[in-house]
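# Remarks on the overall topology
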Amino acid sequence: MLILTCPYCGVQAEETELHPGGEAHLKRVGPDGDDAEFEGYLFARKNPKGVHFERWRHAYGCGKWFLAARDTATLQVFGTYSAQTPHPPAEIVSAIQASRPDWQPDWT
């Protein structure tokens, strides 16, 4: 079972207490975007086997959205952090690289 710690209230919650929100750190398409950009935003996801960043809502707790870094193949959780964070914090990146030395961030 997947257990995530809410970064806001500190509760370790099982996945049954949470609501998944899909891939994290998506670039939203604004009113100036064209159809191809909007289609990419709606339907194109990385969906990797391995390290993945996701949005979760603590539905049966504080109700806040947060982000989690985990491995989709093993369910290993590297950490959780605030939803307002544009990129994962350094301690989470370090935890991922310690466990997966060949992994590299794909943001700049």
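Before reading further, recall that the structure is shown in the block above.
First, a word on what this report is: a plain description of the structure on this page. Because the structure is a prediction, the values reported are computed rather than measured.

Turning our attention to the sheet that holds strand 5 (residues 65–71). Overall, antiparallel pairing links the four strands, which are arranged 3-4-5-6 in an open sheet. Here the strands that pair on one side only, and so sit at the sheet edges, are strand 3 (19–23) and strand 6 (77–82). Ignoring which end each strand starts from, the neighbouring axes of this sheet average 30° apart. In the sheet, strand 3 pairs with strand 4 (residues 51–57) via three bridges, with the strands oriented antiparallel. Directly across from Glu23, in strand 4, lies its bridge partner Glu54. This element, helix 2 (residues 90–99), spans strand 4, strand 5 and strand 6 of the sheet and lies at about 170° to strand 6.

With phi around 60°, His25 is a residue other than glycine that occupies positive phi space. Along the polypeptide, His25 turns up in the loop between strand 3 and helix 1 (35–43). When its relative accessible area of 33% is taken as the criterion, His25 is described as partly exposed. Of note in the backbone geometry, Leu75 takes a positive phi value of approximately 65° without being a glycine. Along the chain, Leu75 turns up in the loop between strand 5 and strand 6.

Rules used throughout
- Residues numbered from 1 in each chain as written.
- Predicted model: local features only at pLDDT ≥ 70, side-chain atom pairs only at ≥ 80, totals over all residues.
- Heavy atoms only, no water.
- Pairing = 2+ DSSP bridges.
- Helix = DSSP H or I, 4+ residues; strand = E, 2+ residues; numbered from the N terminus.
- Axes fitted to C-alpha atoms, helices over the stretch in contact; angles between N-to-C directions.
- Contact = heavy atoms within 4.5 Å.
- Buried < 20%, exposed > 50% of the residue type's maximum accessible area, 1.4 Å probe, protein only.

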